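So you can see what is in the structure, the chains are spelled out below.
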Amino acid sequence: MNELVTGDAVVLGLQPARLPSRALAIAIDLAVLLTVFVLFSIGLAVATVTLDEAATAAIAVATFLLVLVGGPVAVETLSHGRSLGKLACGLRVVRDDGGPIRFRHALVRGAMGLVEILGTFGVVGSIASLVSARGRRLGDVFAGTLVVRERVPAGRALAVPPPPPWLVGRFGQLDLSGVPDGLWLAIRQYLTRMNQLDATVRGSMAERLATDLVACTGVPVPAGVPAAAYLAAVVNERQTREVRRVAAAAGRAGRTGAPDAWPAPVPSPMFVKPMPAAPVPVKGEHSGGGAMEVRPDEAAAPPAAVGEDMGQPGPQAPTGFAPPA
């Protein structure tokens, strides 16, 4: 892949479009534009049948410029570089720095396309695209634009290279709680792409990242340990701790179970207060000589239910026999 690098040495993950896909997108756009142009021409021919030849020629030229030049310029400006053909082929026109194009970019591309595509039937544009390392035609060169592919197959995520075996586990006591997430991300990106960098740039970036990491942990780099190996060992230690933490959390969840799985507590019968029962009439004798009413709970009370708190014997329970007269 021909990667794009901005003036700030930032690598853009964009793939320039090549001649076959661009030719197909231009063919679709031209088919649409020519169809619209023919329809406009027929309508104007009917409407200007009473005009003289000069006026008819002027209207025809204006229609040609409006449809075949103004149409692509307006579409690319409003859609930020995605015409109908480019949309079908998964392409987009962007600036050299990867940003969206504006009206001036689309205007230069449209004016040059009138010459190199329509004027020469695409010969000049094809030759320029084949010669260019990024597949750009003359309109792209003058406008400072580039046609890139949008539908790119997703690649695999690069894994962090393992540290040297003699550094594995050496930083087990290192405090990593003060290291920000942004620094971890920068270190990970460096480790996954350090083989693509120049040797001088690779060494200076490793030294700078190691210095930032030491400032967060408070522990200097051990003597004789390269900066890149130190970064890889610390990242490996962090990943090991994360794996242990996740495994411990999963183990605790497996032993105790989910809190929602426990059944709702059921109140014990001894804490349920019984409802008071209606008094039951019982035939018996007392000092009044008539029948008395005895509540069921009082009738079933044990002999020592009354007065036992004061150390006095309670009343005798009824035996079912009437006392002698």
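Residues numbered from 1 in each chain as written. Predicted model: local features only at pLDDT ≥ 70, side-chain atom pairs only at ≥ 80, totals over all residues. Heavy atoms only, no water.

A. Region of the structure containing the overall build of the protein. For the protein, the count of helices and strands is 10 helices and 7 strands. The proportion of buried residues among the 325 residues of the protein is 24%. Taking contacts inside the protein between residues at least 6 apart in sequence as the whole, the part at least 24 apart equals 63%. For the protein, the accessible area works out to roughly 21,700 Å², and carbon and sulfur atoms hold 65% of it. (Helix = DSSP H or I, 4+ residues; strand = E, 2+ residues; numbered from the N terminus. Buried < 20%, exposed > 50% of the residue type's maximum accessible area, 1.4 Å probe, protein only. Contact = heavy atoms within 4.5 Å. Areas by Shrake-Rupley, 256 points an atom, 1.4 Å probe, with all protein chains shown as cover.)

B. Quick look at the confidence of the model for the protein. Averaged over every residue, the pLDDT of the protein is 77; residues scoring 70 or more account for 72%. For the protein, per-element mean pLDDT is lowest for helix α10 (residues 296–299), which scores 46, and highest for helix α6 (residues 138–143), which scores 93. Within the model, the stretch residues 5–11 combines pLDDT values under 50 with 7 contacts to residues more than four positions away or in other chains. (pLDDT = per-residue confidence, 0-100.)

C. Spatial organisation of helix α8 (residues 199–217). Here α8 contains 19 residues, and its C-alpha end-to-end distance of 27 Å stays within 8% of the 27 Å for a straight helix at 1.5 Å per residue. Listed in full, the buried residues belonging to α8 are A206, L209, A210, L213 and T217. Angular distribution of buried residues about the axis of α8 spans 105°; they occupy a single face of the element. When the buried face of α8 is taken as reference, the exposed residues oriented beyond 90 degrees from it are T200, T211 and A215. In the stretch just after α8, G218 is the one whose phi turns positive, near 80°. (Expected span 1.5 Å × (residues − 1). Arc of directions from axis to C-beta.)

D. Structural context of the pattern of salt bridges. With the rule as written, the count across this model stands at 11 salt bridges. As a salt-bridge pair, E76 and R109 come within 3.2 Å of each other at their nearest N and O atoms. Linking E76 in helix α2 (residues 53–78) with R109 in helix α4 (residues 103–119), this pair joins segments that are 33 residues apart in sequence. A single burial state applies to E76 and to R109, both of which are buried. (Salt bridge = Lys/Arg side-chain N within 4 Å of Asp/Glu carboxyl O.)

E. Looking closely at the sheet that holds strand β4 (residues 91–95). Pairing within the open sheet is antiparallel, and its 3 strands lie in the order β3-β5-β4. Edge positions in the open sheet fall to β3 (15–16) and β4, since each of these has one partner strand only. Bridging between β4 and strand β5 (residues 145–149) involves 5 bridges; their strand directions are antiparallel. The residue bridging R95 from the neighbouring strand is T145, located in β5. (Pairing = 2+ DSSP bridges.)

F. Seen up close, the packing of α2 against α4. Relative to each other, α2 and α4 sit at 140°, their axes nearing to 9 Å. Compared by their axis directions, α2 and α4 come out oblique. Taken as a pair, α2 and α4 cross one another with a handedness that is right-handed. Contact residues: α2 offers F64, L65, L68, V69, V73, E76 and T77, while α4 offers F103, A106, L107, R109, G110, L114 and L118. Of the residues assigned to the contact of α2 with α4, the class counts are 10 nonpolar, 2 polar and 2 charged. (Axes fitted to C-alpha atoms, helices over the stretch in contact; angles between N-to-C directions. Parallel < 35°, antiparallel > 145°, perpendicular 65-115°, else oblique. Left-handed = near helix turned anticlockwise from the far one by under 90°. Nonpolar A, V, L, I, M, F, W, Y, C, P; charged D, E, K, R; others polar.)

G. View of helix α5 (residues 123–131). Among all positions of α5, only G125, A128 and S129 are buried. Projection of α5 onto a plane perpendicular to its axis shows the buried side chains occupying an angular sector of 100°, all on one side. Opposite the buried face of α5, at more than 90 degrees from it, the exposed residues are I127, L130 and V131. Close packing links the buried residues of α5 with α1 (19–47), α4 and α6.

H. The environment of T217, seen in detail. Considering the arrangement of structural elements, one finds T217 in helix α8. For T217, a relative accessible area of 13% corresponds to the buried category. Between the C-alpha atoms of T217 and S177, which are 40 residues apart in sequence, the distance is 8.0 Å. Once residues within four sequence positions are removed from consideration, T217 is found in contact with L174, D175, L176, V179 and Y230.

I. Local environment of unusual backbone geometry. The phi dihedral of H80 is positive, around 60°, even though this residue is not glycine. Note on placement: H80 falls in the loop between α2 and α3 (84–89). By relative accessible area, which is 42% here, H80 ends up partly exposed. We note that F121 has phi near 60°; this positive angle belongs to a residue other than glycine. In this structure F121 comes out as exposed when scored by relative accessible area, which is 79%.

J. Representation of the packing of aromatic side chains within the structure. Evaluation of the coordinates by the stated rule reveals 2 aromatic pairs. With centroids separated by 5.4 Å and ring planes inclined at 80°, the aromatic side chains of F171 and Y230 adopt a geometry described as edge-to-face. With a gap of 59 residues between them, F171 in the loop between β5 and α7 (181–193) and Y230 in helix α9 (residues 227–256) connect regions that are remote in the sequence. With relative accessibility at 8%, the residue F171 sits in the buried group. (Phe/Tyr/Trp six-rings, centres within 6.5 Å; stacked < 30°, edge-to-face > 60°.)

K. Quick look at the pairing of β5. In terms of burial, β5 is a largely internal element, 4 of the 5 residues being buried. Note that β3 and β5 share 2 bridges and pair antiparallel. In the strand pairing of β5, P16 is matched with V148.

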